[in-house]
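Geometric and topological summary
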Amino acid sequence: MKVAYDVTALLGARTGVGVVTGELLERLATDADVELVAYAVTLRGHGAARDLLPPGVLLAGGLMAAQPLRRLWRRADWPSITRWTGAVDVVHGPNFVVPPARGAAELFTVHDLTCVRYPELCTSDVLQYPDLMRRALRRGAHVHAVSQFVADEVIAELGADPARVHAIPNGLTPRPAGDRARGRRRAGGERYVLAIGTIEPRKDLPSLVRAFDDVADDDPDLRLVVAGQDGWGVDDFDAALAAARHRDRVVRLGFVTDDERADLLAGAAAFAFPSVYEGFGLPPLEAMAAGVPVVTTRTGAIPETVGDAAILVEPGDRDGLAAALVTATSDEAQRATLIERGRARAARFSWDDTAASMVRLYRSLC
């Protein structure tokens, strides 16, 4: 099978979508049944995209201007992506958007429906996704949903034909254990709650700062470490931090590398993920695999992903989140249970399995 695969999400600092795109790409590139041709919908990043591809994967020639093309694809089934890729059997857009593809099956991945459910939490670029997805569905495109929760939402919110919606969960990359001492040095203390992710409204990190403030009143050694690049809407986080009584114990690290991430996880007392809404929930799984107790929210696909291996609270529940943080950092019996269950839960997710399921889906579309 010849498959055209969008690698635009690999450019710049890797968000969750970039991680999914890259992990699938690495495995698809080694599958004997798949011949990959990559494309990147970008002008300035075209050269950089070529350097990010695995051996044997070619980048389609010709520059592609993202905004003009998206404006066209929202209103018309032209131009076909095969203008750049040549004839292919399947076109896969792993970041919500699949362009029209003359003579090929179309597939796009939906990671969540924040753009439909919570448009106030989205940037102008992301708010283009609903029109692009609905247009693709009218052309007969298929949907890859990263959880059954997202699959059900795509059917309910976008009116997709259930027969064209396929739930294939994300995987988890086994990583070497980090250096606990190095992580604690970076955090500036021996005990800390760790949060990793882009600072944006959907992650609700202001609620975490306020809940930590309550916990810190009675736990003078505990710190909160927030690692992740600034997204949009950072002002709310900055305001919560400025108002915190214990802001001197909140460490803001910005973007961290994979090695730094592993070190921080190795040294953490607990991992907090207070998201308002998620289509999967990869960061909690990564923390579980590292043996860190997880506190997260009962929303979206998170319960489906974490099962009984995390403490779940309602989104925005400051008191509930504070109580969960106390349990996860101080109750040794409960911590041991969470660590054991978390490792077992994380072991159920594999990118190799995800890629194998994706190849089977490609074959069925052909």
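See the structure shown above.
**Some details on the environment of Ala38**
Its location among the elements puts Ala38 in strand β2 (residues 35-39). Ala38 gets classed as buried once you look at its relative accessible area, which sits at 1%. Each C-alpha atom, one on Ala38 and one on Leu58, is 6.0 Å from the other, the two residues being 20 residues apart in sequence. Each residue touching Ala38, except ones within four places of it in the same chain, is listed here: Tyr5, Val7, Leu53, Val57, Leu58, Leu59 and Ala60.

**A look at the side chain of Asp112**
Its place among the elements puts Asp112 in the loop between β5 (105-110) and α5 (114-117). Of the residues examined, Asp112 reaches a relative accessible area of 11% and is grouped as buried. In terms of polar contacts, Asp112 uses its side chain to reach the side chain of Thr114, at 2.8 Å. Non-local contacts of Asp112, meaning those with residues more than four positions away in its chain, are made with Phe96, Val150, Arg202, Tyr277 and Gly279.

**Description of the pattern of salt bridges**
Under the criterion given, the structure shown has 26 salt bridges. Two residues, Glu106 and Arg139, come together in a salt bridge whose shortest N-O distance is 2.8 Å. Of this pair, Glu106 sits in strand β5 while Arg139 sits in the loop between α6 (129-138) and β6 (142-145), and the two are 33 residues apart along the sequence. Take Glu106: its relative accessible area is 9%, and that puts it in the buried class. We classify Arg139 as partly exposed; its relative accessible area is 22%. One salt bridge in this structure joins Arg261 and Glu286, with 2.6 Å as the shortest N-O distance. Note that Arg261 is positioned in helix α11 (residues 258-267) and Glu286 in helix α12 (residues 282-289), a separation of 25 residues in sequence. Under the relative-accessibility criterion, Arg261 is labelled partly exposed at 22%. Classification of Glu286 by relative accessible area gives buried; the value is 17%.

**Quick look at helix α1 (residues 16-28)**
Between its first and last C-alpha atoms α1 spans 18 Å; for 13 residues at 1.5 Å apiece the expected length is 18 Å, and the two agree. Within α1, 10 of the 13 residues are buried, leaving the element largely enclosed by the surrounding structure. Every buried residue of α1 is accounted for by Val17, Gly18, Val20, Thr21, Gly22, Glu23, Leu24, Leu25, Arg27 and Leu28. Contacts made by the buried residues of α1 are with β1 (2-6), β2 and α16 (351-365).

**Observations regarding the packing of aromatic side chains**
A full pass over the atoms with the stated rule returns 5 aromatic pairs. When the ring of Phe96 is compared with that of Tyr129, the centres are 4.7 Å apart and the planes differ by 15°; the resulting orientation is stacked. Of this pair, Phe96 sits in the loop between β4 (90-93) and β5 while Tyr129 sits in helix α6; the two residues are 33 residues apart in sequence, bridging distant segments of the chain. With 5.4 Å between their ring centres and 55° between their planes, Tyr118 and Tyr277 make a pair best called tilted.

**Brief notes about the packing of α1 against α16**
Interhelical geometry of α1 versus α16 gives an angle of 70° and a closest axis separation of 9 Å. If you check the angle between α1 and α16, you find them roughly perpendicular. The segment α1 lies against α16, with Val20, Glu23, Leu24, Arg27 and Leu28 engaging Trp351, Asp352, Thr354, Ala355, Met358, Val359 and Tyr362. Partitioned by chemical class, the residues of the contact of α1 with α16 number 8 nonpolar, 1 polar and 3 charged.

**Things to note about the pairing of β6**
Going residue by residue along β6, you find His142 and His144 tucked away on one face and Val143 and Ala145 tucked away on the opposite face as well. Examined bridge by bridge, β6 and strand β7 (residues 165-167) share 3 bridges and lie parallel to one another. What sits directly across from Ala145, in β7, is Ala167. In this view, the connection linking β6 to its parallel neighbour β7 by way of helix α7 (residues 148-158) has right-handed handedness.

**Remarks on the pairing of strand β10 (residues 250-254)**
The sheet contact formed by strand β9 (residues 222-227) and β10 spans 4 bridges and is parallel. By the bridge assignment for β10, Ala227 is matched with Gly254. A crossover connection joins β9 to the parallel β10 through helix α10 (residues 234-243); in handedness this β-α-β unit is right-handed.

Rules and cut-offs
- Every residue gets a number counted from 1 within its own chain, in the order that chain's sequence is written.
- Totals for whole chains, interfaces and linings use all residues, but because this is a predicted model, local features are given only for residues with pLDDT of at least 70 and pairs of side-chain atoms are given and counted only at 80 or more.
- The side-chain figures draw on all heavy atoms in the structure; neither hydrogens nor water molecules are used.
- To qualify as a helix, a DSSP run of H or I must reach at least 4 residues; to qualify as a strand, a run of E must reach at least 2; elements of each kind are numbered from the N terminus.
- Each residue is assigned to one of three classes by its accessible area relative to the maximum for its type, calculated with a 1.4 Å probe on protein chains only: buried under 20%, partly exposed between the two thresholds, exposed over 50%.
- Here, two residues are considered to be in contact whenever any of their heavy atoms come within 4.5 Å of each other.
- Nitrogen and oxygen atoms within 3.5 Å of one another constitute a polar contact, given that in protein one can donate a hydrogen and the other can accept it, and given that sequence-neighbouring residues count only through two side-chain atoms.
- By salt bridge we mean one thing: a side-chain nitrogen of Lys or Arg within 4 Å of a carboxyl oxygen of Asp or Glu.
- For a helix, the expected span equals 1.5 Å multiplied by the number of residues minus one.
- The aromatic pairing rule takes the rings of Phe, Tyr and Trp, using the six-membered ring of Trp, and pairs them if the centres are within 6.5 Å, calling planes under 30 degrees apart stacked, those over 60 edge-to-face and the rest tilted.
- The axes used here are C-alpha line fits, helices contributing only the stretch in contact, and every angle between their N-to-C directions lies in the interval 0 to 180 degrees.
- An angle below 35 degrees is read as roughly parallel, one above 145 as roughly antiparallel, one from 65 to 115 as roughly perpendicular, and any other as oblique.
- When residue character is reported, Ala, Val, Leu, Ile, Met, Phe, Trp, Tyr, Cys and Pro are called nonpolar, Asp, Glu, Lys and Arg charged, and the others, Gly included, polar.
- Two strands qualify as a pair provided that DSSP identifies no fewer than 2 bridges between them.
- When the strands point away from the viewer and the connection leading from the first strand across the helix to the second strand turns clockwise, the crossover is called right-handed.

Without other data, these values stay purely geometric and don't point to any function.
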